[in-house]
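Commentary on secondary and tertiary structure
Below, each chain spelled out in residue letters.
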Amino acid sequence: PAPDRMPFIDAMIAASRTQPGRLYGLVVGAGSQRESQIARVAAAGLADDFTFIERLPHPQVASALRQADIYVSLNRLGNLSNANLEAMCAGCCMIIPRAQPEIGVDVATEEILPPDAALRIGSADDVDGLAQAILRLSDAPQERQAMGEKAAAAARRHIGTWDERVNTEIRLLREIAERHGN
C-alpha cells in the first residue's frame, strides 16, 4: 500500500460508507502512521466511529477482546503473533490474510486454525476483500459466534497455558544443561 495508507482503515472507511453508523473500529498501536490515520478517519467524517489507543495495558487486553465482534489481523509476515493467539484463546471471530505457502507465510497458522475458524482474505493489502468480510460478518452474529468458538477450540488444542509453556521451557533448559554437564 501507499505509505499513507493502512488497509484496515481503508476497508473500514469503505464499509462504513456502505453501512453508515453501523460499524465501529478500534485501532490499538503506536505505529508510525498513527497520526496520519487519525487524520484520514477525521477527514472521512468518521471520527466518532473509531477509537485509536496508543497502548493497551496487558490486563485490559482480555476485556477489549471480549468486547470486539470482529478481530482483524493483517500481519504480512505471519499470523501466529501473541496478540492473535490471545484473540484465538478469547474466542474472537477473526479475519486474517490467506496463507502464502509459496513463501512459507502462515503455513503453521493453516495447520492450527481450521478453515472455518477464521475468515481469510486474499492478502494483507486486500482492502476490498476486507471491507466485504467486515460487512458480511457484521450482519452475521451466529457466524461470528461459530467462528469464535472454533478458534477457541483450536486454541485449546494447540496452545497451552503460560504455566505449561514456562514449565516446558524450564524442562528444555534443564535437559540442555544436563547434556552439557552443567
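Here the structure is shown first, and the text comes after it.
This is a predicted model, so every value here is computed, not measured.

Close contact between helix α6 (residues 127-138) and helix α7 (residues 141-158) brings their axes to 7 Å; oriented N to C, the two are set at 105°. If you check the angle between α6 and α7, you find them roughly perpendicular. Contacts from R136, L137 and S138 of α6 reach α7 at P141, E143, R144 and M147. For the contact of α6 with α7, the per-class residue count stands at three nonpolar, one polar and three charged.

Let's shift gears to the nonpolar core. If you look at the biggest cluster of nonpolar residues, it comprises 25 residues, and the most contacted ones within it are F8, I9, F50, I95, L130 and I134. Mapped onto this core, the elements with two or more residues apiece are α1 (7-18), β2 (50-53), β5 (119-121) and α6. Those residues within four positions of I134 in sequence are excluded, and the remaining contacts are F8, A11, M12, A15, L23, I70 and I95.

What follows is about the packing of aromatic side chains. Per the stated rule, a full pass over the model turns up one aromatic pair. Between the aromatic rings of F50 and F52, the centroid separation amounts to 6.0 Å while the plane-to-plane angle is 20°, which identifies the pairing as stacked. Across this residue pair, the class does not change: F50 and F52 are buried.

Our focus in this paragraph is α1. Here α1 is 12 residues long and its end C-alpha atoms lie 17 Å apart, about the 16 Å a rise of 1.5 Å per residue gives. Counting buried positions along α1 gives nine out of 12 residues, so the element sits mostly inside the fold. Of all the residues in α1, the buried ones are P7, F8, I9, D10, A11, M12, I13, A15 and S16.

What counts and what doesn't
- Residues numbered from 1 in each chain as written.
- Predicted model: local features only at pLDDT ≥ 70, side-chain atom pairs only at ≥ 80, totals over all residues.
- Heavy atoms only, no water.
- Axes fitted to C-alpha atoms, helices over the stretch in contact; angles between N-to-C directions.
- Helix = DSSP H or I, 4+ residues; strand = E, 2+ residues; numbered from the N terminus.
- Parallel < 35°, antiparallel > 145°, perpendicular 65-115°, else oblique.
- Contact = heavy atoms within 4.5 Å.
- Nonpolar A, V, L, I, M, F, W, Y, C, P; charged D, E, K, R; others polar.
- Core = buried A, V, L, I, M, F, W, Y, C linked by side-chain atoms within 4.5 Å.
- Buried < 20%, exposed > 50% of the residue type's maximum accessible area, 1.4 Å probe, protein only.
- Phe/Tyr/Trp six-rings, centres within 6.5 Å; stacked < 30°, edge-to-face > 60°.
- Expected span 1.5 Å × (residues − 1).

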